[in-house]
Amino acid sequence: ETFVWSCDEEAARKSQSIYFPNVEGINYHDGKLYFVSKRTSFLYVLDFDTGTYVSSNTKDFSMYDGEFQASPDNLVRTEEGK
């Protein structure tokens, strides 16, 4: 899937409320923006280099080893070796 940025704030807010309601847990790392829709329980990853995104359901505990089980809207980036 692809995405585009909008300079029209009203249109952007309307799109956000329809497609990404109750967004929380926003994080940016290595050219990718991560955020979770609390209402739909989906994780979105926008790749700024390619203009594409992927999404996955945070309720799929087998995929995430239960990271989202207690708080499906919290993103935590860990550093290797720390």
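Whatever comes next refers back to the structure up there.
All residue numbers refer to position in the chain's written sequence, counted from 1. Where totals are concerned, whole chains, interfaces and linings use all residues; where local detail is concerned, this predicted model gives features only for residues with pLDDT of at least 70, and gives and counts side-chain atom pairs only at 80 or more. Only hydrogens and water are removed before side-chain values are computed, so all heavy atoms of the structure are retained for them.

Q: For this particular structure, what's the right way to read the overall build of the protein?
A: Labels follow the DSSP assignment, with helices taken as runs of H or I lasting at least four residues and strands as runs of E lasting at least two, numbered in each case from the N terminus. Counting its regular elements, the protein contains two helices and four strands. Listing each helix as α and each strand as β along the protein from the N terminus yields α-β-β-β-β-α. Contacts are residue-level and defined by heavy atoms, with any inter-residue pair within 4.5 Å sufficient. Put simply, of all contacts in the protein between residues at least 6 apart along the chain, 29% involve residues at least 24 apart. Just so you have it, the protein exposes about 6,200 Å², and 50% of that area is on carbon and sulfur atoms. All accessible areas in this document rest on Shrake-Rupley with a 1.4 Å probe, and a residue is counted as covered only by the protein chains that are shown.

Q: Just to check I follow, could you spell out a nonpolar patch on the surface for this structure?
A: Each patch is assembled from residues with relative accessible area greater than 30% and no salt bridge, linking like charges that lie within 9 Å and nonpolar side chains (Val, Leu, Ile, Met, Phe, Trp, Tyr) that lie within 5 Å. Basic side-chain nitrogens of Lys or Arg form a salt bridge, by our definition, when they fall within 4 Å of a carboxyl oxygen of Asp or Glu. On the surface, Trp5, Tyr28 and Phe48 cluster together into a nonpolar patch covering about 380 Å² of accessible area. Considering the arrangement of structural elements, one finds Trp5 in the segment before α1 (9-19). Burial here depends on accessible area, computed with a 1.4 Å probe over protein chains only, as a share of the maximum for the residue type. Under 20% is buried, over 50% is exposed, and the range in between is partly exposed. Here Trp5 falls in the exposed class, since its relative accessible area comes to 62%.

Q: Can you help me understand the nonpolar core in this one?
A: It is characteristic of soluble globular proteins that their nonpolar side chains tend to be buried jointly. If you look at the biggest cluster of nonpolar residues, it comprises five residues: Phe3, Leu33, Phe35, Tyr44 and Leu46. Sorting the residues of this core by element identifies β2 (32-37) and β3 (42-47) as the ones contributing at least two each. Other than its neighbours up to four places away in sequence, Leu33 contacts Trp5, Ile26, Asn27, Tyr28, Tyr44, Val45, Leu46 and Phe48. Only buried residues count toward a nonpolar core. Its members are Ala, Val, Leu, Ile, Met, Phe, Trp, Tyr and Cys residues joined through side-chain atoms within 4.5 Å.

Q: Is there a simple way to explain the side chain of Asp47 in this structure?
A: Tracing the backbone through its elements, the reader meets Asp47 in strand β3. For the buried Asp47, no salt bridge exists, and the shortest N-O distance to an oppositely charged side chain is 4.3 Å, to Lys32. Within polar-contact distance, the side chain of Asp47 engages the backbone nitrogen of Thr50 at 3.2 Å. Once residues within four sequence positions are removed from consideration, Asp47 is found in contact with Phe3, Gly31, Lys32 and Thr52. Charged residues are defined narrowly, with Lys and Arg counted positive, Asp and Glu counted negative, and His plus the chain ends left uncounted. Counted as a polar contact is a pair of N or O atoms within 3.5 Å, where, for protein atoms, one must be capable of donating a hydrogen and the other of accepting one, and residues adjacent in sequence contribute only when both atoms are in side chains.

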